[in-house]
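Here is how the chains run, residue by residue.
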Amino acid sequence: LRSLFGAGPFWGDTLTTLAALLMLFVLFPVSILKGENISMGALHERLPSALSERLNTLWDLLFLVSGLVLFATGIQLSREIPGYYSELGELSKAYIVLIVPFSGLAMSVAAAIRLYPRWADK
């Protein structure tokens, strides 16, 4: 709309930013669950399988801990964040920030699901 009329909807930038953040926070736990970490995939292809498996376990442990930290700090942040999105009908920023603890919890659960078979076998 900006290129056609010289002005777009005033809420467009905010909505686009929020949609991108929501997709990131929702899809990252899915990538953990599937074990599809792009940066680690290339490295693991070049390593011996035993070392690769140990690194996968380490990464899943780190994702589990990181998720728990995001969960705890996200809850605190949602309680303390001030302000509203005036362009979205005075929507409180606290509601938007709630994606952080939910994503942290989903990260931890996804990592635990991946770790469980490794620990159950031992």
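Details of the structure are given in the entry above.
Structural notes, computed from the coordinates. Along each chain, the written sequence defines residue order, and numbers are assigned to residues from 1. Residues qualify for local features only when their pLDDT is at least 70, as the model is predicted, and side-chain atom pairs are given and counted only at 80 or more; totals for whole chains, interfaces and linings, by contrast, use all residues. Neither water nor hydrogens contribute to the side-chain values; these are computed over all heavy atoms in the structure.

## Considering the side chain of Ser 108
By the element assignment, Ser 108 lies in helix H6 (residues 99-120). Accessibility here uses a 1.4 Å probe with only protein chains present; expressed as a share of the type maximum, an area under 20% marks a residue as buried, one over 50% as exposed, and anything in between as partly exposed. The exposure class assigned to Ser 108 is buried, which follows from its relative accessible area of 6%. Contacts were defined at the residue level, with two residues in contact if any of their heavy atoms lie within 4.5 Å. Setting aside its immediate chain neighbours within four residues, Ser 108 contacts Phe 63, Leu 64, Gly 67 and Leu 68. In this text, helices come from DSSP runs of H or I with a minimum length of four residues, and strands from runs of E with a minimum of two, each type numbered from the N-terminal end.

## Let's talk about the nonpolar core
Core analysis: the largest hydrophobic core is formed by five residues, namely Ile 32, Phe 63, Met 107, Ala 110 and Ala 111. With residues near it in sequence (within four places) discarded, Ala 110 still touches Pro 29, Ile 32 and Leu 33. We call a set of buried residues a nonpolar core when its members are Ala, Val, Leu, Ile, Met, Phe, Trp, Tyr or Cys and they connect through side-chain atoms within 4.5 Å of each other.

## Some thoughts on the environment of Glu 90
Along the chain, the position of Glu 90 falls in the loop between strand E1 (84-85) and strand E2 (91-92). Look at Glu 90 and you get partly exposed, because its relative accessible area is 48%.

## Thoughts on the pattern of salt bridges
Side chains that carry opposite charge are capable of pairing whenever their charged atoms lie near each other. By convention in these notes, a salt bridge is any Lys or Arg side-chain nitrogen within 4 Å of a carboxyl oxygen on Asp or Glu. With the rule as written, the count across this model stands at one salt bridge. With a shortest N-O distance of 3.2 Å, Arg 114 and Asp 60 are connected by a salt bridge. Placement of the pair is Arg 114 in helix H6 and Asp 60 in helix H4 (residues 49-80), with a sequence separation of 54 residues. Overall, the relative accessible area of 2% leaves Asp 60 in the buried class.

## Here's the deal with the environment of Asp 13
Within the secondary structure layout, Asp 13 lies in helix H2 (residues 12-34). Once the C-alpha coordinates of Asp 13 and Glu 87 are considered, the two residues, 74 residues apart in sequence, prove to be 9.9 Å apart.

## Remarks on the packing of aromatic side chains
A pair of aromatic rings is counted whenever rings of Phe, Tyr or Trp (Trp by its six-membered ring) have centres within 6.5 Å, and the orientation is called stacked for planes under 30 degrees apart, edge-to-face for over 60 and tilted otherwise. Evaluation of the coordinates by the stated rule reveals two aromatic pairs. When the centroid spacing of 5.5 Å and the interplanar angle of 85° are considered together, the rings of Phe 28 and Phe 63 count as edge-to-face. One end of the pair, Phe 28, is in helix H2; the other, Phe 63, is in helix H4, with 35 residues separating them in the sequence. The exposure class assigned to Phe 28 is partly exposed, which follows from its relative accessible area of 31%. Judged by its relative accessible area of 11%, Phe 63 is buried. On the basis of an interplanar angle of 35° and a centroid distance of 6.0 Å, the ring pair of Trp 59 and Phe 63 is categorised as tilted. With a gap of four residues between them, Trp 59 and Phe 63 both fall in helix H4, about one helical turn apart. On the accessibility criterion, Trp 59 (29% relative accessible area) is partly exposed. Taken together through their ring pairs, the aromatic side chains of Phe 28, Trp 59 and Phe 63 make up a single cluster. We call a charge positioned over a ring when the NZ of a Lys or the CZ of an Arg lies within 6 Å of the ring centre and within 35 degrees of the ring normal. We note Lys 93 situated over the ring of Tyr 85; from NZ or CZ to the ring centre the distance is 5.3 Å.

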